[in-house]
Every structure is written in structure tokens, then in C-alpha cells.
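Fold and geometry: a report
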Amino acid sequence: MLIKEVLGAKDLINSEIELNGWVATHRVQTQLLFISLNDGSSLNNIQIVSEYTKEEKSNYSELLDNLYKGVSLQIKGKLIESPGKGQAVEMKTTLDNITILGTIDPTSFPMAKGRLPVEYIRSFPHLRTRTNLGAMVLRIRNCCSFATHKFFNELHFLNIQTPLLTSNDCEGAGETFEVKNGSNDFFENNTFLTVSGQLHAESLALGMGRVYTFGPTFRAENSNTTRHLAEFWMVEPEICFVSLPELMMLGENYIKYCIKEVLNTCQADIEFVNKFIKKGHYQVLKNIVDNPFKLMDYTEAIDILKEKKDNTIKWGDDLSTEQEKYLTEVYGPTIVYNYPKKIKSFYMKENVSHHVNNEKTVMAFDILVPTIGEIIGGSIREDNYDILKHNMEDKKIDNLDWYLDLRKYGSVPHGGFGLGFERLIMLITGVSNIRDTISYPRYPKYCFA
Ligand code: 4AD
């Protein structure tokens, strides 16, 4: 059985069960052995107690002398009501029912000690799940992944898969990894790892109405920061017949939904976060869930930043991470929309009647969250053939005739967004470096295993 299944399971009291896991801590006393066992199913350990005579103790010295943090065990025993505080149940067993599955040399095991610095843990991706931090992050990731599918499924979105190998560079920012097969041209055209599933998702939405893709994304930007990865996961819904306010609300609701799911189903992990990663983080998450996000036109954001933060900023500038963070410090999660056309991607829909100082704006929005900055970027898509074609010519984007076709054959208003899944995990777990939110992080000069 899993430890998660038996903790708190009063109906299993007095049953004989088998548990498997790794030693978290243990104490060998004269006639009593305590093992705190963890199997990864929960942050919580189960206490195993074994009573023995002095004679038994010496007969089982090989077992008792080889118990260390990290040793793997199989234990059969009886689940009993715990007389101790802090746990409802514990397991009672005898030494002959404890089997060591895998031993450990405690002098070389990198995770032998209790609390380790996060930078140290990060340097052993293959052993990270042996730490509370590493396993907590992956359990919360799992919860958010499941919540993502639940959320979109409840709204009748169809989960589709878009290709990882592609012949286009969606954002046009030149941050693609090119795919080569030695000196052979496996594909006839230049081929890249995808930077976004958006364009393909759009083609599928235009026929299916509401779709979303959730997959890995690759960017070769040389951003050695705490919020960029070379390989990250993106959740990208694409919806037909949607307006900008509806789309922005969908993004807000989706973030809140994931947080609620984590608060409801990962209580032990959130308690750990609240205690050891970021004090008071539980309340921060509750506040995000309980309050509407601040809606702010880009022009208003520039005015505020100019007055309060940086008087050199001007209309037409992109917001820096520091400026984004400032807005969230003052207003909490903030949705900035109606960006200048000239700083945004070619596919974003022009606001025909919304010009600022004779400059065009687009129906684009970013959702900014405290300490991280941008977590979602999205827009209504340009559905007018002529304007889109003009935009593409302007930005020298070719090779996308198939994408233009979508505006030729029954074009409809549509839009979507991309949420950086690791940034969502940063937000929820409170970890301050994105490299700690994914099992095997990839970033410039680092691709371990
Ligand atoms: O704003 P971005 O670049 O948007 C797009 O790629 C759109 N095509 C998405 C769409 O509309 N379907 O990226 C979306 C999000 C960002 O807000 C950020 O959270 C995350 O992806 N992101 C990264 N996360 C980790 N590492 C990186 N290098 C990231 N680049 C973007």
C-alpha cells in the first residue's frame, strides 16, 4: 500500500499491511526501533515501531546497523492507532518483517543529511526526489497538471497535441533550436524545436472550436535568469468566437483553479511551503484566489510606472521584469492589455478603433503575478486576411501560407494564450528559481543527464 493511503485511514486499523519506502529518520533504542518511512506518495512519513528483546537486537544487528536515511525497505506489519501526538496511525512490526531492499553508504550518499541548501539539492537532479523540496515540487506539478486537464475539460475544451518538430518559428524572435541529422537533410526544409504550439493549435481550433495543448517548448534565448528555461512546458488554449475580456477572464480563472486544487489536495505540501520555503505563503495564495485580478490598460500602466517607478519609461516601451513586478507589488496579480502593435507579434489582432497618439494597439494581454512577473501571454488573433498578410510582409515572415489559409476559408474571431507551467509552479510553491520547478532543468551551458 501507499503511505498516503494508510495515513488517517482509521478503517484500516488492525489490518496487516505491507509498506515500501525509504528511511527518513530512525532511532535504535535498547528495546525499541522507530523508523520514519516515506514513499513519495505524500510529504508525510509514517512511523514504524518495533519492540524487541536484547537477544533479538543482537540477532538482527545487520539490519539495525545498516539503517540510514535513504535506505529502502519493505515492511510488513499491523496498522494501529497511534498513541503519540501528530499522527493518527502508525505501524507495529517485528524485526523479522523488515527487509532492506537497497543499502546506502552514508559517507557518499549526497542526500544523507537532513536540511540541505536548495542550490546543493539542485546539483543532483537524479536524487532530488529524495528530498522534501524535490518531491513536494513534483507532487504540486502533478496536481496542477491534473487540474489543467480538469479545468479545460469542464469547459469542453478538446485536448490536442501539436508537433515538437516544426518548420516555423512562431514568435519570430529567432530563439529556436535548429534540428539537424548529422550532415544529412532528414527534412527538406529547415526544422526547429517548437517555441509554441499556438499556430498549429489555431489551425485545429478553427474547426473544433475550443482546444488546448500542453507540451514542452524550447527556446534558445540566452537568458540565464531565475525565470527562464531552455525547455519548459506551456499550456496553450485556443478558442473561437471569443472576446478579449472573456479570454483574460479564462486566464485568471485557470490560474485560480490550479491554486485551489493545490490548496485542497496538497495540504501537507503547502504546509511545508508555508513553514520552510516562504513564510505566510498560504495566505498569499488564498488572497490570489479570493480577489479579482487588477485589469489595466497598457497606457495606464505606463502612466503609473512613469509617475511612481521610472520617469524614463515612455509609451511604446516593453515592460521590464522589474516594472512588471512593481505593478504586482502594488496591485497584486495584474492583467495588462492593449499593447502597442509595434512591440508585439505579427498575429495579434489590431484594435481598429483604439489608437494612442496615432499609434496602433493590439488586443494582447499579459498576466503578471507577484515576485515572478509575466506568467501568461496571449491575444486575440488577427483574423483578417489582408491585415495579417500585411503584418507578415512587414516582419518578413514567409513560409506560413497554411496559416494564412485559415483566414481564407471561413475565418472567425479567435484567441488564446500561453501559460508557462514552471512559472505557475514557482507561484504556487514559492520557490524562487525556476530551475527548481522541473525535474531536469535545461538552461545555457547546462543539460545534465
Ligand atoms: O509570451 P510567450 O512567448 O507567448 C507565446 O509563446 C504565445 N505563442 C502563447 C500563446 O498565445 N499560445 O510565452 C507564454 C508564456 C510566458 O508568459 C511565460 O510564462 C512562459 O510562457 N515562458 C517561459 N517560461 C520559462 N522559460 C522561458 N524561457 C519562457 N518563455 C516564455
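Residues numbered from 1 in each chain as written. Predicted model: local features only at pLDDT ≥ 70, side-chain atom pairs only at ≥ 80, totals over all residues. Heavy atoms only, no water.

Broken down by element type, the chain carries 14 helices and 17 strands. Seen along its three principal axes, the alpha-carbon backbone of the chain occupies a region of about 90 × 55 × 40 Å. Residues classed as buried in the chain amount to 51% of the 449 residues present. Residue pairs at least 24 apart in sequence account for 68% of intrachain contacts in the chain once pairs closer than 6 positions are excluded. (Helix = DSSP H or I, 4+ residues; strand = E, 2+ residues; numbered from the N terminus. Buried < 20%, exposed > 50% of the residue type's maximum accessible area, 1.4 Å probe, protein only. Contact = heavy atoms within 4.5 Å.)

A few words now on the side chain of asparagine 168. Structurally, asparagine 168 can be placed in the loop between β8 (165–166) and β9 (192–193). A relative accessible area of 8% means that asparagine 168 is categorised as buried. Setting aside chain neighbours within four positions, we find asparagine 168 in contact with Phe192, Leu199, His200, Leu400 and Trp402.

One finds Ile255, Leu424 and Ile428 to be the most contacted residues of the largest nonpolar core, which totals 59 residues. The leading source of residues in this core is helix α7 (residues 244–265), at eleven residues. The next biggest cluster of nonpolar side chains, apart from the first, holds 30 residues, and it includes Val23, Leu64, Ile75 and Val89. (Core = buried A, V, L, I, M, F, W, Y, C linked by side-chain atoms within 4.5 Å.)

Moving on: a nonpolar patch on the surface. A cluster of nonpolar side chains, Leu158, Leu204 and Met208, forms an exposed patch at the surface whose accessible area comes to about 240 Å². Relative to the elements of secondary structure, methionine 208 occurs in helix α6 (residues 198–208). In this structure methionine 208 comes out as partly exposed when scored by relative accessible area, which is 46%. (Patch = residues over 30% accessible without salt bridge, like charges linked within 9 Å, V, L, I, M, F, W, Y side chains within 5 Å. Areas by Shrake-Rupley, 256 points an atom, 1.4 Å probe, with all protein chains shown as cover. Salt bridge = Lys/Arg side-chain N within 4 Å of Asp/Glu carboxyl O.)

On to the pairing of strand β17 (residues 414–420). With respect to burial, β17 is a largely interior element, seven of its seven residues being buried. Of the pairings in the sheet, the one linking strand β16 (residues 373–380) to β17 comprises five bridges and is antiparallel in character. Across the sheet, the residue bridging to glycine 377 is glycine 418, located in β17. (Pairing = 2+ DSSP bridges.)

The next point concerns the domain arrangement of the chain. Examined at the domain level, the chain breaks down into domain 1 (3–102) and domain 2 (120–447). Relative to domain 2, the C-alpha centre of domain 1 lies at a distance of 45 Å. When domain 1 packs against domain 2, the two sides together hide about 570 Å² of surface, and 50% of this comes from carbon and sulfur. Taken as a group, Trp22, Gly40 and Leu43 account for 69% of the area that domain 1 buries against domain 2, more than any other trio of residues on that side. The interface formed by domain 1 and domain 2 includes zero salt bridges. Counting the contacts that link domain 1 with domain 2 gives two residue pairs in polar contact (both at pLDDT 80 or more). (Domains from an automatic or database assignment. Buried area = accessible area lost by both parts, 1.4 Å probe. Polar contact = N/O pair within 3.5 Å; in protein donor to acceptor, adjacent residues only side chain to side chain.)

Now for empty space enclosed by the protein. One pass over the structure, following the stated rule, counts two cavities of 30 Å³ or more. The space that makes up the largest cavity amounts to roughly 70 Å³. Forming the walls of the largest cavity are 13 residues, and the residues nearest its centre are Thr162, Gly197, Thr213, Gly215 and Pro216. For the lining of the largest cavity, the class distribution of residues is five nonpolar, seven polar and one charged. (1 Å grid on protein atoms, 1.4 Å probe; cavity = no way out; pocket = protein on both sides within 12 Å on 5 of 7 lines; lining within 4 Å. Points joined across faces, edges and corners; volume = space filled by probe spheres on them. Nonpolar A, V, L, I, M, F, W, Y, C, P; charged D, E, K, R; others polar.)

In an α-helix there are 3.6 residues to a turn, and that puts residues three or four apart on one side. All of the buried residues along α6 are Gln198, Leu199, His200, Ala201, Glu202 and Ala205. Contact partners of the buried residues in α6: β8, β10 (210–218), β11 (231–240), α13 (401–405) and β17. Glycine 209, located one to two residues past α6, shows a positive phi value of around 90°.

For helix α10 (residues 298–308), the set of buried residues is Tyr298, Thr299, Ala301, Ile302, Ile304 and Leu305. Packed against the buried residues of α10 are β12 (294–297), α11 (321–331), β13 (334–340) and β14 (350–356). One side-chain oxygen at the N-terminal end of α10 lies 2.9 Å from the backbone nitrogen of threonine 299; it belongs to aspartate 297.

One can find serine 42 in the loop between β2 (32–38) and β3 (46–51). Note on serine 42: relative accessible area 12%, which makes it buried. From its side chain, serine 42 meets the backbone nitrogen of asparagine 44 in a polar contact 2.9 Å long. Excluding its chain neighbours within four sequence positions, the residues that come into contact with serine 42 are Lys4, Leu7 and Arg139.

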